[in-house]
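So the chains spell out like this:
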Amino acid sequence: MEAPADEKICGKLRLACGLYNYKLRDVFTWDLLKTLVMGQVLSLMICGTAVSCQYLANAGAETPMLQSFFNYALLLLAYTTVLCTYKGEQNFLQVLKTKWWKYLLMGLADVEANYTVVKAYRYTTLTSIQLLDCFVIPALMLMSWFLLKTRYRPLHYIAVTVCLLGVGAMVGADILAGRDQGSTSDVMLGDSLVLISAVLYAVSNMCQELTVKNRSRVEFLGMMGFFGTIISGIQLSALEISAVKKIEWKFHIALLFILYVLCMFALYSFMPVVVKRTSATAVNLSLLTADLFSLFCGLFLFHYTFSALYIMAFILIMAGFVTFNAVPTYSAQPEPELADSSDQEARSSSDRLLPADRNGQSNLTLVSAL
């Protein structure tokens, strides 16, 4: 009599975690492998921006707003011009007429998120920034819960915890290696700026997920390029003109600017593709490895001290990312009523996986049949 009871308990646990009727081959698929690889490509792009920024800082060219302006201007040239060629509701002027204030807020959130996190380095330490910057994940999950009606299984929260443990291992390795860089002139202000940046990134990423899954990738990037160029241009002229004048425009400085802008342009162009396949939360989990790639580059370029904790951090983050994507989220949006009773009988009493529709409105939505 014990076996059925044990099976019943195990069944309830698997159902609670979203693993009911799940087999191992259903988890480790080619689709998951593609998502994993695409996430790490994004991390490598961020690594490229970090390395180029470090060299620019060493050369005395610390102009984050100028770098952002070049990136948004390139998005403007590449995607806004394409958007202008569209007809009907997708045309740039029509989108600007009907949704200008939404994209203005989105662009403002993205520009200021980049700016505030850079400003935070003047007041607080690298350790604080690495830890507090992870606040973007719970902030994004909370926004997705209320605004996108996304619902998470317990396994998703476990996966996020594992990823954050990986970040903790990375930070611990930095402390042991004496890499707690930055300033302590005003830690409270610096930490507040990091938290503000995390919330703004969450807003920007949530808007990105909404746009690419309900509108189009070109529309998102075109409007981001348009408003990002205007906002960053105004902020550049107000805050960094004197710093730009001090730059000694040598050949290697120009190459570093080009490397940074190309990496950022590739990141902005490719990220919506990954977001549409998964979600903004999953993408941010994969981006946690970006600091690790930067550290691995630093072992050769800046002579950082190696620690086995870096390898442990990478394994934990990868394990958490795979676990998060193994079980799809589900939506709390009400389902349309089925037309006939035969469809009602065809539905199982357990959870089912539904593939994304042609427009990418949902990523493997988990529908619970009552």
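Keep in mind that what you see is a predicted model, and the values were worked out from it rather than measured.

1. Looking at a nonpolar patch on the surface
- A cluster of nonpolar side chains, Leu142, Trp145, Phe146, Leu147 and Tyr157, forms an exposed patch at the surface whose accessible area comes to about 540 Å².
- At four residues, the largest contribution of residues to the nonpolar patch is made by helix H7 (residues 136–147).
- Its place among the elements puts Phe146 in helix H7.

2. Digging into the packing of helix H4 (residues 64–85) against helix H10 (residues 217–239)
- H10 packs onto H4 with a crossing angle of 145 degrees between their chain directions and a minimal axis gap of 7 Å. When the axes of H4 and H10 are compared, the crossing they make is left-handed.
- For the contact of H4 with H10, the class distribution of residues is 16 nonpolar, eight polar and two charged.

3. Considerations on the pattern of salt bridges
- Taken as a whole and judged by the stated rule, the model has four salt bridges.
- Among the salt bridges present, the one from Lys213 reaches Glu209, with a minimum N-O distance of 3.2 Å. Taken as a pair, Lys213 and Glu209 lie in helix H9 (residues 187–214) at a separation of four residues, close to a single helical turn. You'll find Lys213 and Glu209 in the same group, each marked buried.

4. Re the side chain of Ser52
- On the secondary structure map, Ser52 appears in helix H3 (residues 30–58).
- What makes Ser52 buried here is its relative accessible area of 0%.
- Within polar-contact distance, the side chain of Ser52 engages the backbone oxygen of Gly48 at 3.0 Å.
- Discounting chain neighbours no more than four positions away, the residues touching Ser52 are Leu256, Leu259 and Tyr260.

5. Comments concerning the confidence of the model for the chain
- Counting all residues, the mean pLDDT for the chain is 81, and 79% of those residues have values of 70 or more.
- At the level of individual helices and strands, the chain shows its lowest average pLDDT in strand S4 (residues 365–367), which scores 29, and its highest in H10, which scores 96.

6. Some thoughts on the side chain of Ser216
- Within the secondary structure layout, Ser216 lies in the loop between H9 and H10.
- Accessibility expressed as a relative area gives 17% for Ser216, which makes it buried.
- In this structure the side chain of Ser216 is engaged in a polar contact, spanning 3.1 Å, whose partner is the backbone nitrogen of Glu219.

7. Here we look at the nonpolar core
- In this structure, Leu42, Leu75, Met223, Met224, Phe257, Tyr268 and Val283 are the most contacted members of the largest nonpolar core, which totals 43 residues.
- When contributions to this core are tallied by element, the ones reaching two or more residues are H3, H4, helix H5 (92–120), H9, H10 and helix H12 (251–277).
- In terms of residue count, H12 provides more of this core than any other element does, twelve residues in total.
- Setting aside residues no more than four positions away along its own chain, Phe257 makes contact with Leu56, Ala61, Thr63, Leu66, Gln67, Phe70, Ile247 and Trp249.

Conventions and cut-offs
Residues numbered from 1 in each chain as written. Predicted model: local features only at pLDDT ≥ 70, side-chain atom pairs only at ≥ 80, totals over all residues. Heavy atoms only, no water. Patch = residues over 30% accessible without salt bridge, like charges linked within 9 Å, V, L, I, M, F, W, Y side chains within 5 Å. Areas by Shrake-Rupley, 256 points an atom, 1.4 Å probe, with all protein chains shown as cover. Salt bridge = Lys/Arg side-chain N within 4 Å of Asp/Glu carboxyl O. Helix = DSSP H or I, 4+ residues; strand = E, 2+ residues; numbered from the N terminus. Axes fitted to C-alpha atoms, helices over the stretch in contact; angles between N-to-C directions. Left-handed = near helix turned anticlockwise from the far one by under 90°. Nonpolar A, V, L, I, M, F, W, Y, C, P; charged D, E, K, R; others polar. Buried < 20%, exposed > 50% of the residue type's maximum accessible area, 1.4 Å probe, protein only. Polar contact = N/O pair within 3.5 Å; in protein donor to acceptor, adjacent residues only side chain to side chain. Contact = heavy atoms within 4.5 Å. pLDDT = per-residue confidence, 0-100. Core = buried A, V, L, I, M, F, W, Y, C linked by side-chain atoms within 4.5 Å.

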